[in-house]
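Summary of structural features
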Amino acid sequence: MGQIKLESVTKSFGPVEVIPPLDLTIEDGEFTVFVGPSGCGKSTLLRLIAGLEDITSGKISIDGQDATHVPPAKRGLAMVFQSYALYPHMSVRKNIAFPMKMAGVPVDEQNRRIESAAAALNLTDYLDRRPGQLSGGQRQRVAIGRAIVREPGAFLFDEPLSNLDAALRVGMRLEISELHKRLKTTMIYVTHDQVEAMTMADKIVVLQAGVIEQVGSPLELYRAPRNVFVAGFIGSPKMNLLTGPEAAKHNAHTIGTRPEHIAISQTEGTWSGTIGVSEHLGSDTFFHVKCDAFEDPLTVRAGGEVALKYGDKVFLTPDLTQLHRFDAQGLRIA
Amino acid sequence: MATQHSRSAARIMMAPAVILLLGWMLVPLLMTLWFSFKKYLPLRGGDLGWVGFDNYVRFISSSSFWPSVQATLIIVGGVLAITIIFGVLLAILLNQPMWGQGVVRILVIAPFFVMPTVSALVWKNMFMDPVNGLFAHLWKFFGAEPISWLSEASLQSIILIVSWQWLPFATLILLTAIQSLDSEQLEAAEMDGASPLSRFGHITLPHLSRAITVVLLIQTIFLLSIFAEIFVTTQGAFGTKTLTYLIYQRVLESQNVGLGSAGGVYAIILANIVAIFLMRIVGKNLDA
Amino acid sequence: MARAVTPQRKALNTAIAWGIGLLIFFPILWTILTSFKTEAQAISDPPVFLFFDWTLENYSVVQERSDYMRFLWNSVIIAGGSTILGIIIAIPAAWSMAFVPSKRTKDILLWMLSTKMLPAVGVLYPIYLIFIRMGILDTRLGLVVVLMLINLPIIVWMLYTYFREIPGEILEAARMDGASLKEEILYVLTPMAMPGIASTLLLNIILAWNEAFWTLNLTAAKAAPLTAFIASYSSPEGLFYAKLSAASTMAIAPILILGWFSQKQLVSGLTFGAVK
């Protein structure tokens, strides 16, 4: 109950084409994350699936049924908005009940679902409050509760965590993942934060300028980014992307090596350089190393207790088995 | 940011209001145009045939026409000037810390609630009457000869009455606008060494420009068609015959619908000139 | 941020503001006071301010002579009816303009406002004829329709400015939750915009209550509201100051009371939603 298929879907605002023809299938029960920099069209894509925007051409089907011209209310999808979009004049209970009221669910069934959603989301004590009296995290839960009780074919999340502070965000991330494991319902989740994408997704869709750059599981994207954009976008800290003679040595226009795949040594190695800023996280240390061979500094991960300091001379050695090679068009060379 | 569905719904939902107003505008307008080319005297023979532009020529060449345009503009301009200037001053005053601000605000707003016929009657009889009016008593108290306000200073009197009615509105809008002024801006200017007067001129006044525009627009809409104040006080005598009142007399008192309709068309043209002028300013200022 | 204001300064402000406030309010106060005087005291020279023989006689005379209640009832029906009808028509229109704006939205709004600039007197006779033809001259229905039409642009404009403050995402949420357009407006938009709708309602009731061109010209005996009731005192009877004052007080009292009880909404309404 919740396979969503887009076939050559396009979207233009006037003369501006924000989504060129796009094909994508989201399987039933999958947790799919749309990720990309702001303005890449990921939210627009979500709104197209929701039916809040018309597609300019193409076809959207839900569970094999053509939903292209079905209004949002009839698509059987639930959405959690970035601003939560709670009804400020209704109590939490009424907020959660609203979609069921619209669907004509009998009152005792409504109450049963409200109680169970509230229990699952730790909202039981707050059912009679107004949204204005709740904290950000609680509002977020109410928005999720409102989505759950509809028992929708799929959940759509539009950057749901971006209004929360960092600590809460990690907690909510876990809760949403947990929810998905429990409900096994299709979820589509939009974010600009690749950490959220990597930690939550079954399938990540990387978008840039309305174009799908790559679709795959988090590890597929991590291991084999299809192009320079994905390589640079997925992974934290960013992959080092290097051009010039050193890349040519590997028969590539650009080579990429992740910070965790570079060995650092004070005695010997492939590239010599100088330690710049270092970021100590405790478990790890990230060194920004200015190498003679490259213009931009490289980021290198080392253990938490490595004693190197600003200005030290070091040598870097990339792990050649983990080296990514890209051609002049930025595409991966197999 | 919407779907085809919601756009067509929007069109349907806007339709009743648009159609009603379009009808309200067009039907009487076309009928007025139609009558304006006819000799039409409902009590003296009814429809006496087409007369071309006769009514237009007669209306404009009547000795009352230009004075009536002038009276209209003086009243509108006078009231606008008074309400905006005193409105700004009052708004600044009411924005100062004081005791009983809420009560003062009620006192100041109150005239807006008074229907024009009442305020005209009260002013005419109880204040401006040369024998028993309060002003007459006041003048006598100071040993002056009471003035017969509505005949000797008729336009000023009307402007006074109408300004009294509209001052609350201007004050309230301007007060709301002043309250929304970011006090940090004023403090920054104070730190920069700006005097109270230049703070008013460079920060407060520009901040009020949008509110002043709104006052200007809304008051003009209502003032162009003031009627009751004249109907009740002077009946158009002593130079207070506005264009509205002149047309009213032609249609209802002389029962000359053709001539009145031609006057109506002139009034519509005048209103449109003012409207275009206003919409220009407002259109620009409304988005801000 | 506020710096302390010296008590002297505050006292000075208070004195000036109260002085001006009372000056502005004085005509109303004077009218109310005069309504309780006898005719002789009303024109006594010098005028008496508070120390006179308070009497209610004028009120009973006015009620007896003019059948105040009938006019009052007409005013209530006409002002209330036209405003409510206008709001019902304006809510969908304002929804469209606020939430599905197009390039023409602003033009339509300004055009609507510009219909208010059409001089009423220019179209008085045609309306008069249409009313006779439709048999609604001197009926409350006729006035409800006309006053609704003349206030509709202002109602649409005010509702539009209030609606624009409501985030569109909440309406989209309602749509996702399965609400139809009607349900979206009824259960989500209208309750959320209630303060704005209340302000619009109040202001337009006052405007309709005080409207004195159409109410004077399209009514005679049957449907005449309070504006006409009071206009009848502009004849020589107006010289009876105490009775004129009583009639005036009766005509404005309902609105003054309504205004004082709902000051907050009214203040927001009086700005036509245009100034925050």
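This one's a predicted model, so the numbers in the text were calculated from it and none came from an experiment.

Rules used in this analysis
- Residues numbered from 1 in each chain as written.
- Chains lettered and ligands numbered in written order.
- Predicted model: local features only at pLDDT ≥ 70, side-chain atom pairs only at ≥ 80, totals over all residues.
- Helix = DSSP H or I, 4+ residues; strand = E, 2+ residues; numbered from the N terminus.
- Buried ≥ 20, exposed ≤ 12 C-beta atoms within 10 Å, placed from the backbone.
- Contact = placed C-beta atoms within 7 Å.
- Bend = angle between axes of the 7 residues up to and from the residue.
- Pairing = 2+ DSSP bridges.
- Axes fitted to C-alpha atoms, helices over the stretch in contact; angles between N-to-C directions.
- Core = buried A, V, L, I, M, F, W, Y, C linked by C-beta atoms within 7 Å.
- Right-handed = clockwise from strand over helix to strand, strands pointing away.
- Domains from an automatic or database assignment.
- Nonpolar A, V, L, I, M, F, W, Y, C, P; charged D, E, K, R; others polar.
- Parallel < 35°, antiparallel > 145°, perpendicular 65-115°, else oblique.
- Left-handed = near helix turned anticlockwise from the far one by under 90°.
- pLDDT = per-residue confidence, 0-100.

Looking now at the overall build of chain A. Within chain A, the regular secondary structure consists of nine helices and 18 strands. Overall, the C-alpha framework of chain A stretches about 75 × 45 × 30 Å when taken along its three principal axes.

Looking now at the overall build of chain C. Each helix and strand in chain C was counted, giving 14 helices and zero strands. Ordering the α and β elements of chain C from the N terminus gives α-α-α-α-α-α-α-α-α-α-α-α-α-α. For chain C, the proportion of its 276 residues judged to be buried stands at 55%. Within chain C, contacts between residues separated by at least 24 positions form 80% of all contacts whose residues are at least 6 apart in sequence.

Okay, helix H1 (residues 7-34) of chain C next. Along its length, H1 of chain C shows its largest kink, about 50°, at Phe 26 of chain C, and proline Pro 27 of chain C lies within four residues downstream of that point. Within H1 of chain C the residues assigned to the buried category are Asn 13, Ala 17, Gly 21, Ile 24, Pro 27, Ile 28, Thr 31, Leu 33 and Thr 34 of chain C. On its buried face, H1 of chain C sits against helix H3 (65-94), helix H4 (101-109), helix H5 (116-127) and helix H8 (154-179) of chain B together with helix H2 (39-42) and helix H13 (241-261) of chain C.

What follows deals with the sheet that holds strand S13 (residues 262-265) of chain A. Residues and elements named next belong to chain A. One open sheet holds the five strands; their spatial order is S13-S17-S14-S15-S16, and the pairing between them is antiparallel. The open sheet is flanked by S13 and strand S16 (298-303), the only strands paired with a single partner. For this sheet, the mean angle separating the axes of adjacent strands, direction not counted, is 45°.

Here we come to the nonpolar core. Core analysis: the biggest nonpolar cluster contains 251 residues, and Met 79, Leu 156 and Ile 188 of chain A together with Ala 90, Ala 94, Val 156 and Leu 159 of chain C have the highest contact counts within it. With 17 residues, the top contributor of residues to this core is helix H7 (residues 140-163) of chain C. Once residues within four sequence positions are removed from consideration, Ala 94 of chain C is found in contact with Val 156, Leu 159, Tyr 160 and Phe 163 of chain C. Counting 10 residues, the second-largest nonpolar core is a separate cluster that includes Ile 264, Phe 287, Val 289 and Val 300 of chain A.

Next up on the list: the sheet that holds strand S2 (residues 16-26) of chain A. Whether parallel or antiparallel, the strands of a sheet pair through hydrogen bonds between backbone atoms. Residue and element names in this part refer to chain A. Ordered in space as S2-S1-S4-S5, the four strands form an open sheet in which the pairing is antiparallel. In this open sheet, the two strands that pair with only one neighbour each are S2 and strand S5 (65-66). Of the strand pairs in this sheet, strand S1 (residues 4-13) and S2 are connected by seven bridges, and their pairing is antiparallel. Within S2, the residue paired with Ile 4 across the bridge is Ile 26. Most of the contacts of helix H1 (residues 42-50) go to S1, to which it runs at about 115°, and overall it touches S1, S2 and strand S4 (57-62).

What follows concerns the pairing of strand S7 (residues 154-158) of chain A. Residues and elements named next belong to chain A. Most of S7 is tucked away, with five of its five residues classed as buried. In S7, alternate side chains face the same way, and those of Ala 154, Leu 156 and Asp 158 on one face and Phe 155 and Phe 157 on the other are all buried. Relative to S7, strand S6 (residues 77-80) runs parallel, the two being bridged by four bridges. Note on S7: the bridge partner recorded for Val 80 is Phe 157. Of the pairings in the sheet, the one linking S7 to strand S8 (residues 186-191) comprises five bridges and is parallel in character. Within S8, the position partnered with Leu 156 by the bridge is Ile 188. In the classification by handedness, the crossover that spans S7, the intervening helix H5 (residues 166-183) and the parallel S8 is right-handed.

All names here are of chain C. Domain boundaries in chain C define domain 1 (7-58) and domain 2 (60-270). Facing 12 residues of domain 1, the contacting portion of domain 2 comprises 11 residues. Looking at the side of domain 1 that touches domain 2, the element that brings in the most residues is H1, giving three residues. A per-class count over the side of domain 1 that touches domain 2 returns four nonpolar, five polar and three charged.

Quick look at unusual backbone geometry now. Residues and elements named next belong to chain A. Ser 236 connects to Pro 237 through a cis peptide bond whose omega is -5°. Positive phi, normally seen in glycine, also occurs at Tyr 84, with a value near 70°. Positionally, Tyr 84 belongs in the loop between S6 and helix H2 (92-103). On the basis of neighbour count, Tyr 84 is assigned to the buried category, with 23 C-beta atoms found within 10 Å. If you check the backbone angles, Asn 251 has positive phi at about 55° while not being a glycine. Topologically, Asn 251 is positioned in the loop between helix H9 (245-248) and strand S12 (254-257).

Glancing now at the packing of H5 of chain B against H13 of chain C. Remark: H5 of chain B packs on H13 of chain C, axes separated minimally by 10 Å, with the N-to-C direction vectors making an angle of 160°. When the interaxial angle is binned, H5 of chain B and H13 of chain C end up roughly antiparallel. Of the two possible hands of crossing, H5 of chain B and H13 of chain C adopt the one that is left-handed. Residues Val 118, Leu 121, Val 122, Asn 125 and Met 126 of chain B of H5 of chain B pack against Tyr 241, Leu 244, Ser 248, Ala 251 and Ile 252 of chain C of H13 of chain C. Classifying every residue of the contact of H5 of chain B with H13 of chain C by side-chain character gives eight nonpolar, two polar and no charged.

Our focus in this paragraph is the environment of Glu 253 of chain B. Residues and elements named next belong to chain B. Within the secondary structure layout, Glu 253 lies in helix H12 (residues 243-253). Here Glu 253 falls in the exposed class, since 11 other C-beta atoms lie within 10 Å of it. Distance from Glu 253 to Met 13, taken between C-alpha atoms, is 42 Å for residues 240 residues apart in sequence.

Residues and elements named next belong to chain C. Residue placement: Leu 50 occurs in the loop between H2 and helix H3 (57-66). Since 6 C-beta atoms lie within 10 Å of it, Leu 50 is described here as exposed. As a C-alpha pair, Leu 50 and Lys 37 span 13 residues in sequence and 9.5 Å in three-dimensional space.

The axes of two packed helices give the description: the angle between them and the distance between them. Residues and elements named next belong to chain C. Running from amino to carboxyl end, H1 crosses H13 at an angle of 115°, the nearest separation of the two axes being 7 Å. Two packed elements cross with a definite hand, and for H1 against H13 that hand is left-handed. Contacts between H1 and H13 involve Thr 31, Ile 32 and Thr 34 from the former and Tyr 241, Ala 242, Ser 245, Ser 248 and Thr 249 from the latter. By residue class, the composition of the contact of H1 with H13 is three nonpolar, five polar and no charged.

A separate point is the confidence of the model for chain C. Residues and elements named next belong to chain C. Within chain C, residue pLDDT values average 84, and 93% of them lie at 70 or more. By mean pLDDT, helix H14 (residues 263-270) is the weakest element of chain C at 71, and helix H4 (residues 68-99) is the strongest at 92. Scoring of the predicted complex yields 0.85 for pTM and 0.83 for ipTM.

Attention now moves to the environment of Asn 111 of chain A. Residues and elements named next belong to chain A. On the secondary structure map, Asn 111 appears in helix H3 (residues 107-120). C-beta crowding within 10 Å serves as the criterion here: with 14 such atoms nearby, Asn 111 is assigned to the partly exposed category. Counting along the chain gives 83 residues from Asn 111 to Asp 28, while the straight-line C-alpha distance between them is 28 Å.

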